[in-house]
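Report on the structure
Here's the letter readout for the chains.
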Amino acid sequence: MRSLLLTLITCSSLLFSSWAAAQISSASKVIYRYKNKDGVTVLDSKIPPQYVNNGYEIVSLSGKVIKVVAPVTQGAEGERLYKEKLQREEREREDIQLRRSYSNVGDIEAAKARNLESLRGNIGILQANLTSARSRLQTYQSQAAAIERAGRKLPEDLLKNINNLVQEEKDIQVQIQQREDEYKTVEQKFDADRTRFVEITQ
């Protein structure tokens, strides 16, 4: 009697497992609905490659539409739409990063002030260096003028110092211009971040 009971339980378990597996298998299967070259709607477990770009639907075995895949636009229009899609995705990533970086507008203003203050300090140091280089250059040029008035030949070291300071002055001026350009860029970026933050949080 006990053996018969065990046999029945085992059979029931096997039947239930088979039924459950069948249900899972059926639930995981989908059907693709698309139109062939003659415009006839086709239901199949796969889509021939030549019809993929024409758009299709993914439906369950019960006929419920799970997903609709739009046709792929070709040519110049397709290229335009693709670029717009990339721009939207980039904008979404930037918005996510913006939300993560700041909790309110005050945070943006504070970050802007810190960055601009750092750049102003850098520009101030460069301007001080430029003043120093010009002062030394003026001294050497005065010495050279005095030597020339006396009819003597200019020493090589003096000429070298003058040439080095002329180049140093040019280099510092370039660096100052770069920092000033960077200042404007940073200022504009934080202003744009502030405007966008308000747009996505209101």
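In short, a report on the structure. On a predicted model such as this, the values are computed, not experimentally measured, just so you know.

Observations concerning the overall build of the chain
A count of helical and extended segments in the chain gives five helices and four strands. In sequence order, the chain lays out its α and β elements as α-β-β-α-β-β-α-α-α. Here the chain, with 202 residues, has 19% of them falling under the buried criterion. A total accessible area of about 15100 Å² is found for the chain, and carbon and sulfur atoms account for 53% of it.

Brief notes about the pattern of salt bridges
Under the defined criterion, the tally for this structure stands at 13 salt bridges. A salt bridge links Arg33 to Glu57, with the nearest nitrogen and oxygen atoms 2.6 Å apart. One end of the pair, Arg33, is in strand S1 (residues 30–35); the other, Glu57, is in strand S3 (residues 56–60), with 24 residues separating them in the sequence. The class for Arg33 is partly exposed, based on a relative accessible area of 27%. Given a relative accessible area of 25%, Glu57 falls into the partly exposed group.

Describing helix H3 (residues 75–101)
If you check H3, its first and last C-alpha atoms are 39 Å apart, about what 27 residues at 1.5 Å a residue would give, namely 39 Å. Within the sequence span of H3, burial applies to Gly78, Asp95 and Leu98. Among the structural elements, helix H5 (156–201) are those in contact with the buried residues of H3.

Some words on the environment of Leu98
Within the element layout of this structure, Leu98 appears in helix H3. Between the C-alpha atoms of Leu98 and Asp193, which are 95 residues apart in sequence, the distance is 7.4 Å. In contact with Leu98, not counting residues within four places along its chain, are Asp193, Arg196, Phe197 and Ile200.

Some thoughts on the pairing of strand S4 (residues 65–69)
As paired elements, S3 and S4 share four bridges and run antiparallel to each other. The partner of Glu57 across the bridge, within S4, is Val68. Between S3 and S4, which pair antiparallel one after the other, the connecting turn spans four residues, and Gly63 there sits at a positive phi close to 100°.

Some thoughts on the packing of H3 against H5
Two elements in contact, H3 and H5, have axes whose closest approach is 10 Å; the angle formed by their N-to-C orientations is 90°. Compared by their axis directions, H3 and H5 come out roughly perpendicular. Residues Arg91, Asp95, Leu98 and Arg99 of H3 pack against Asp193, Arg196, Phe197, Ile200 and Thr201 of H5.

As for the packing of helix H4 (residues 105–149) against H5
Where H4 contacts H5, the axes come no closer than 9 Å and their chain directions differ by 165°. Taken together, the axes of H4 and H5 are roughly antiparallel relative to one another. Along this stretch, H4 crosses H5, giving a crossing that reads as left-handed. In terms of residue class, the contact of H4 with H5 is built from 24 nonpolar, nine polar and 14 charged.

Quick look at the nonpolar core
Counting 12 residues, the largest nonpolar core is built from Leu126, Leu130, Ala133, Leu137, Ala144, Ile147, Leu154, Leu158, Ile162, Leu165, Ile172 and Ile176. Only H4 and H5 provide two or more residues apiece to this core. Looking at this core element by element, the count peaks at six residues for H4. Setting aside chain neighbours within four positions, we find Ile172 in contact with Leu126, Asn129, Leu130 and Ala133. If you look at the next biggest cluster of nonpolar residues, it comprises 11 residues, including Ala111, Leu116, Tyr183 and Ile200.

Comments concerning the packing of aromatic side chains
One pass over the structure, following the stated rule, counts two aromatic pairs. Taking the centre distance of 6.0 Å and the plane angle of 65° together, the rings of Tyr32 and Tyr56 count as edge-to-face. Of this pair, Tyr32 sits in strand S1 while Tyr56 sits in strand S3; the two residues are 24 residues apart in sequence, bridging distant segments of the chain. Residue placement shows Lys189 over the ring face of Phe190; its charged tip is 5.4 Å from the ring centre.

Cut-offs and rules
Residues numbered from 1 in each chain as written. Predicted model: local features only at pLDDT ≥ 70, side-chain atom pairs only at ≥ 80, totals over all residues. Heavy atoms only, no water. Helix = DSSP H or I, 4+ residues; strand = E, 2+ residues; numbered from the N terminus. Buried < 20%, exposed > 50% of the residue type's maximum accessible area, 1.4 Å probe, protein only. Areas by Shrake-Rupley, 256 points an atom, 1.4 Å probe, with all protein chains shown as cover. Salt bridge = Lys/Arg side-chain N within 4 Å of Asp/Glu carboxyl O. Expected span 1.5 Å × (residues − 1). Contact = heavy atoms within 4.5 Å. Pairing = 2+ DSSP bridges. Axes fitted to C-alpha atoms, helices over the stretch in contact; angles between N-to-C directions. Parallel < 35°, antiparallel > 145°, perpendicular 65-115°, else oblique. Left-handed = near helix turned anticlockwise from the far one by under 90°. Nonpolar A, V, L, I, M, F, W, Y, C, P; charged D, E, K, R; others polar. Core = buried A, V, L, I, M, F, W, Y, C linked by side-chain atoms within 4.5 Å. Phe/Tyr/Trp six-rings, centres within 6.5 Å; stacked < 30°, edge-to-face > 60°. Lys NZ or Arg CZ within 6 Å of the ring centre and 35° of its normal.

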